[in-house]
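Secondary and tertiary structure notes
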Amino acid sequence: MKFNTKTIHGGQEPDKAYGAVMPPIYQTSTYAQTTPGGHKGYEYSRTHNPTRTALEKSFASIENGNYGLAFGSGLAAIDAIMKLLQPGDEVISTSDLYGGTYRLFTKIFEGFGIKFHFIGMQNAANIESYVNENTKLIWVETPTNPMMNIIDIEASSAVAKKHNIMLAVDNTFATPYLQRPLDLGADIVMHSATKYIGGHSDLVMGALVVKDKKLADKLYFIQNASGAICGPMDSFLALRGIKTLHVRMQRHCENGKAVAEYLAQHPAVENVYWPGFESHPNHEIAKKQMDDFGGMISFTTKGNDYEKSIKIVENLKVFVLAESLGGVESLAGHPASMTHASIPKSAREKTGVVDSLIRLSVGIEDIDDLIADLAQAIAT
Ligand SMILES: *Cc1c(COP(=O)(O)O)cnc(C)c1O
């Protein structure tokens, strides 16, 4: 099956009871047994739920893995990965990573004796220089947020394989429509399914997909033992979202390209960060590992004025000023005052998050309305 068929049929079969084409929402915590232990594969919904099973099979199918796991949020999925580790273990992570992941690593898992190295990963040789006998996990997020840097997954995997280290990739921004990390050598692919996978800004969810049975069994154990699962209603919504992932992503990419090109020629715009431009420092890697360039764009305006950027995002009428990304509607954010406000100015500016930086999640509305909206907001 090819990708555009897997999003609709991957891992799915009509419901066994009545042939329902859509998986029913099994809104139940428990399951009747005929005799102790005599059940139909389901005992208690923290462990398994048929709606969640359908979703987990869909996750595995679209990411070209063998086993999928659904969690109550993206961070709950990352938390489960970290519980594979022991005190004394070391993790090499990209320095340019989702703020919530950084908080989980430093505020929770550092306290449990795990050591993190936050480094630039654009060059795989740099990753290798941090490897020692305690290194157990390499954490890659690509494209990164909000600077849209690209990390070479295959090159990272070569380092991981050479030293027998696990490689996990946060594939939230790209989605399997654009990039399939397991095919490039990753051991675990992770998603905030809250974003493009769900696609309609109506749920919070996380996903993991792996190929290896032993690793899957460990993660299923953690999923059940720690219990950060998602409910059947959200599982249904995520499945429904996945069915249109390919058509949504196609339009996100088309609109993203048009918006990036519009901004690049705008006289008031200074820099546009989008991996589809040949001038993007990691464009060649993006071309190699991604099928297209997505709808996430960041840009700065000339003069780098904090107040002016706040005015621009306030004046947008079609783009909604909000955190998050990946929904059908276009969203805009101002990292310096929103997602990155807690980072000291000098530290955030070092990574490129300057005062005028605006991040766009380009939705699937009519492109003429999106460009007209940006034009009027930048003009005021
Ligand atoms: C949102 C996000 C997360 C966290 O996911 P939640 O569903 O909000 O817990 C992790 N990584 C990336 C890249 C994200 O955008």
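Every chain is numbered independently, its residues counted from 1 as its sequence is written. For this predicted model, a pLDDT threshold of at least 70 governs which residues receive local features, and a threshold of 80 or more governs which side-chain atom pairs are given and counted, while totals over whole chains, interfaces and linings are taken from all residues. Hydrogens are left out, water is left out, and the side-chain values use all remaining heavy atoms of the structure.

**So, the site of the ligand**
The ligand sits among 13 residues. The nearest are Gly-74, Asp-170, Ser-192, Thr-194 and Lys-195. At 2.9 Å, a backbone N or O of Gly-74 approaches an oxygen atom of the ligand. Between Ser-192 and the ligand, the recorded distance is 2.8 Å, taken from a side-chain N or O atom to an oxygen atom. About the coverage of the ligand: the protein hides 93% of its 380 Å² of free accessible area. Asp, Glu, Lys and Arg are counted as charged, while Ala, Val, Leu, Ile, Met, Phe, Trp, Tyr, Cys and Pro are counted as nonpolar; the rest, among them Gly, fall into the polar class. For the shell around the ligand, the per-class residue count stands at 5 nonpolar, 5 polar and 3 charged. Whether a residue is near a molecule or strand is decided by its heavy atoms; if any one of them lies within 4 Å of it, the residue is near. Think of a polar contact as two N or O atoms within 3.5 Å of one another; within protein, one of them needs to be a possible hydrogen donor and the other a possible acceptor, and neighboring residues in sequence only count if both atoms come from side chains. Note on areas: these come from Shrake-Rupley sampling with a 1.4 Å probe, and a residue is covered only by the protein chains present in the view.

**Some details on the sheet that holds strand 8 (residues 269-273)**
Working definition: the strands of a sheet are paired by backbone hydrogen bonds and lie parallel or antiparallel to each other. When DSSP finds two or more bridges between a pair of strands, those strands are recorded as paired. Each helix corresponds to a stretch of at least 4 residues labelled H or I by DSSP, and each strand to a stretch of at least 2 residues labelled E; elements are numbered beginning at the N terminus. Read from one edge of the open sheet, 5 strands run 8-9-12-11-10, paired in mixed fashion. Either end of the sheet is taken by a strand with one partner, and the two such strands are strand 8 and strand 10 (320-321). Sheet analysis places strand 9 (residues 296-301) next to strand 12 (residues 358-361), joined by 4 bridges and oriented antiparallel. Bridging from a neighbouring strand, Ile-297 pairs with Leu-360 of strand 12. Its contacts with the sheet place helix 10 (residues 245-264) against strand 8, strand 9 and strand 12, and it is angled at close to 10° to strand 9. Working rule for contacts: check all heavy atoms of both residues, and any pair within 4.5 Å makes them a contact. For helices, the axis comes from a line fit to the C-alpha atoms of the stretch in contact; other axes are also lines fit to C-alpha atoms, and the angle between any two N-to-C directions lies between 0 and 180 degrees.

**Side note on the domain arrangement of the protein chain**
Partitioning the protein chain into structural domains gives domain 1 (3-242) and domain 2 (245-379). In this entry, domain limits derive from an automatic or database-based domain assignment. Distance from the C-alpha centre of domain 1 to the C-alpha centre of domain 2: 26 Å. Contact residues are listed per partner, giving 36 residues for domain 1 and 37 residues for domain 2. Note on terms: buried area is the combined drop in 1.4 Å-probe accessible area of two parts once they are placed together, counting the loss on both. For the pair domain 1 and domain 2, the two sides together bury roughly 3,000 Å², of which 61% comes from carbon and sulfur. When the buried surface of domain 1 facing domain 2 is broken down by residue, Met-147, Leu-178 and Tyr-196 rank first, second and third, together holding 26% of it. Note on definitions: salt bridges are taken to be side-chain nitrogens of Lys or Arg within 4 Å of carboxyl oxygens of Asp or Glu. Linking domain 1 to domain 2 there are 3 salt bridges. A salt bridge links Lys-288 to Glu-154, with the nearest nitrogen and oxygen atoms 3.9 Å apart. Across the domain 1-domain 2 interface, the total number found is 17 residue pairs in polar contact (both at pLDDT 80 or more). Taken together, the residues that form the side of domain 1 that touches domain 2 break down as 19 nonpolar, 13 polar and 4 charged.

**Details of empty space enclosed by the protein**
Both cavities and pockets are sets of points on a 1 Å grid over the protein atoms alone; in a cavity a 1.4 Å probe fits but cannot get out, in a pocket the set is open with protein on both sides within 12 Å along at least five of seven lines, and lining residues sit with an atom within 4 Å of a point. Grid points are joined across faces, edges and corners, and a volume is the space filled by probe spheres set on the points. Per the counting criterion, the structure on display carries 4 cavities of 30 Å³ or more. A volume near 70 Å³ is recorded for the largest cavity. Lining of the largest cavity is provided by Asn-145, Pro-146, Ala-322, Glu-323, Gly-333, His-334, Pro-335, Met-338, Thr-339, His-340 and Arg-359. Classifying every residue of the lining of the largest cavity by side-chain character gives 4 nonpolar, 5 polar and 2 charged.

**As for unusual backbone geometry**
Residue Pro-143 follows Thr-142 across a cis peptide bond; omega there is -5°. Mapped onto the fold, Pro-143 is located in the loop between strand 4 (135-141) and helix 6 (153-162). Of note, the amide linkage connecting Asn-145 to Pro-146 takes the cis form, showing an omega dihedral of 0°. Relative to the helices and strands, Pro-146 resides in the loop between strand 4 and helix 6. Even without a glycine there, the phi angle at Met-148 is positive, about 60°. A simple rule labels every residue: compare its accessible area, found with a 1.4 Å probe on the protein chains alone, to the largest value its type can have, and call it buried under 20%, exposed over 50%, or partly exposed in between. With relative accessibility at 2%, the residue Met-148 sits in the buried group. Located in the positive-phi region is Asn-304, a residue other than glycine, with phi close to 45°. Looking at the element boundaries, Asn-304 is found in the loop between strand 9 and helix 12 (306-315). Residue classification places Asn-304 among the partly exposed residues on the basis of a relative accessible area of 31%.

**Some details on the packing of helix 10 against helix 14 (residues 367-379)**
The contact between helix 10 and helix 14 brings their axes to 10 Å, and the two run at 30°. By the criterion of interaxial angle, the relationship of helix 10 to helix 14 is roughly parallel. Here the hand of the crossing between helix 10 and helix 14 comes out right-handed. Contact with helix 10, carried on its side by Asn-255, Ala-258, Val-259, Tyr-262 and Leu-263, involves Ile-367, Leu-370, Ile-371, Leu-374, Ala-375 and Ile-378 of helix 14 and no other residues of that element. A class-by-class count of the residues in the contact of helix 10 with helix 14 yields 10 nonpolar, 1 polar and no charged. Angle categories are assigned with fixed cut-offs, so that under 35 degrees is roughly parallel, over 145 is roughly antiparallel, 65 to 115 is roughly perpendicular, and the rest are oblique. Each crossing is labelled by how the near helix is turned from the far one, with a counterclockwise turn of less than a right angle marking it left-handed and a clockwise turn marking it right-handed.

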